[in-house]
Amino acid sequence: MTSKTTIENQTKQDSTSGYASVNGLKMYYEIHGQGKPLVLVHGGGSTIQTNFENIIPLLSQNRKVVAVELQSHGRTSDRNADLTFEQDADDIAALLKYLGIDKADFLGFSNGGTTTLQIAIRHAELVDKIILCSALAKRNGVPDWFWGFMSQAKLENMPVQLKDGYKKVAADTNGLQVMHDRDVKRMVNFKDIPDEQIKAIVVPTLIIIGDNDVITPEHAIELHRQIANSELAIIPGGHGEYIGEVTTITADFKESDLVVPMIEKFLDKKTKK
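Residues numbered from 1 in each chain as written. Predicted model: local features only at pLDDT ≥ 70, side-chain atom pairs only at ≥ 80, totals over all residues. Heavy atoms only, no water.

A.B. asks: Teacher, can you tell me more about the packing of aromatic side chains here?
C.D. replies: The geometry of an aromatic ring pair is captured by two quantities: the separation of the ring centres and the angle between the planes. Throughout the structure, instances matching the rule amount to six aromatic pairs. On the numbers, 6.3 Å between centres and 65° between planes, the contact of Trp 145 with Phe 146 is edge-to-face. We classify Trp 145 as exposed; its relative accessible area is 54%. Cluster of aromatic residues (ring-pair linked, three or more members): Phe 85, Trp 145, Phe 146, Trp 147 and Phe 190. Of note, Lys 26 hangs over the ring of Tyr 19, and the distance from its end group to the ring centre comes to 4.6 Å. In this structure, Lys 129 packs its charged tip against the face of Phe 266, placed 5.2 Å from the ring centre. (Phe/Tyr/Trp six-rings, centres within 6.5 Å; stacked < 30°, edge-to-face > 60°. Buried < 20%, exposed > 50% of the residue type's maximum accessible area, 1.4 Å probe, protein only. Lys NZ or Arg CZ within 6 Å of the ring centre and 35° of its normal.)

If you want it as structure tokens, here you go:
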């Protein structure tokens, strides 16, 4: 039986990180493990660690995990432009070209799930499979209170774990306000992804939400029906709890609560020709 310490030590040995000049950004990335690439795309206000620290050591045992930080998030610089999911998708595509990765699987959480949808729409040639974790495609995919909250959002109301996560890694912690404001503006102005674009996604897709998620079960079911080659899992718990996202961690957290075995089973499944 492999101990957690052995896994972590192995992961450290197989890990690299760096920055790439991508579309006017100094974009931070990390690579853990070896094998087929799996790209992790974080959510709004997040870093690689605040979203994925608990699953990277597990996923990287069997594949090459490529984790990125997007414009104004974590260690990646800002550009003098608003955030868009389309631009984030293009930035990731450019990073993969820089890294010499022709095809990969993608896992996006929250806003990162929306970005992953845009990768499948705009850069289908890069994609083998996608995993949409609490992803939003339509404004009606969250309760009405969410939009009211976003319209009044202030930095002091941002979860302290996310603020601390940013400050821990950012070169300039003054960028926290910029990141917050850009994320809020993007969500306030969120536009539905057209049905025809969603229905055009043909790659194998796994949709995951929590049963106490911000994303409604109805929205996840609609996505499942629109993406022909998709599977749906509704897991007990809140927004990102099933991947150990930092704001969901409690004293009784157990690694066995994570959905990594389900993710691995989906990724390892042979694609029908």
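Picking up where we left off.
A.B. asks: Explain helix H4 (residues 85-99) here, please?
C.D. replies: An ideal rise of 1.5 Å per residue puts 21 Å on 15 residues; H4 measures up with 21 Å between its terminal C-alpha atoms. Within H4, the full set of buried residues consists of Phe 85, Asp 88, Ala 89, Asp 91, Ile 92, Ala 93, Leu 95 and Leu 96. (Helix = DSSP H or I, 4+ residues; strand = E, 2+ residues; numbered from the N terminus. Expected span 1.5 Å × (residues − 1).)

A.B. asks: How should I be thinking about the nonpolar core in this particular structure?
C.D. replies: Soluble globular proteins: nonpolar side chains tend toward being buried together. Core analysis: the largest hydrophobic core is formed by 45 residues, its most contacted members being Val 39, Ile 92, Phe 106, Ile 130, Leu 132 and Met 187. Here the element with the most residues in this core is H4; it accounts for six residues. Setting aside anything within four residues of it in sequence, one finds Ile 130 in contact with Phe 106, Thr 116, Ala 120, Ile 201, Val 203, Pro 204, Thr 205, Leu 206 and Phe 266. Core analysis: the next-biggest nonpolar cluster, separate from the first, contains 27 residues, Leu 59, Ile 208, Leu 258 and Val 259 among them. (Core = buried A, V, L, I, M, F, W, Y, C linked by side-chain atoms within 4.5 Å. Contact = heavy atoms within 4.5 Å.)

A.B. asks: How should I be thinking about helix H5 (residues 111-122) in this particular structure?
C.D. replies: The α-helix advances 3.6 residues per turn, and as a result positions three or four apart in sequence lie on the same side. For H5, which comprises twelve residues, the first-to-last C-alpha distance of 16 Å matches the rise-based estimate of 16 Å (1.5 Å per residue) to within 8%. Burial analysis of H5 places ten of its twelve residues in the buried class, which makes it a mostly covered element. The set of residues buried in H5 consists of Asn 111, Gly 112, Gly 113, Thr 114, Thr 115, Thr 116, Leu 117, Gln 118, Ile 119 and Ala 120. As for H5, its buried residues are in contact with strand S3 (37-41), H4, strand S5 (104-109), strand S6 (127-133) and helix H8 (175-188).

It is worth stressing that arrangement in space is one thing and function is another; only the former is reported here.
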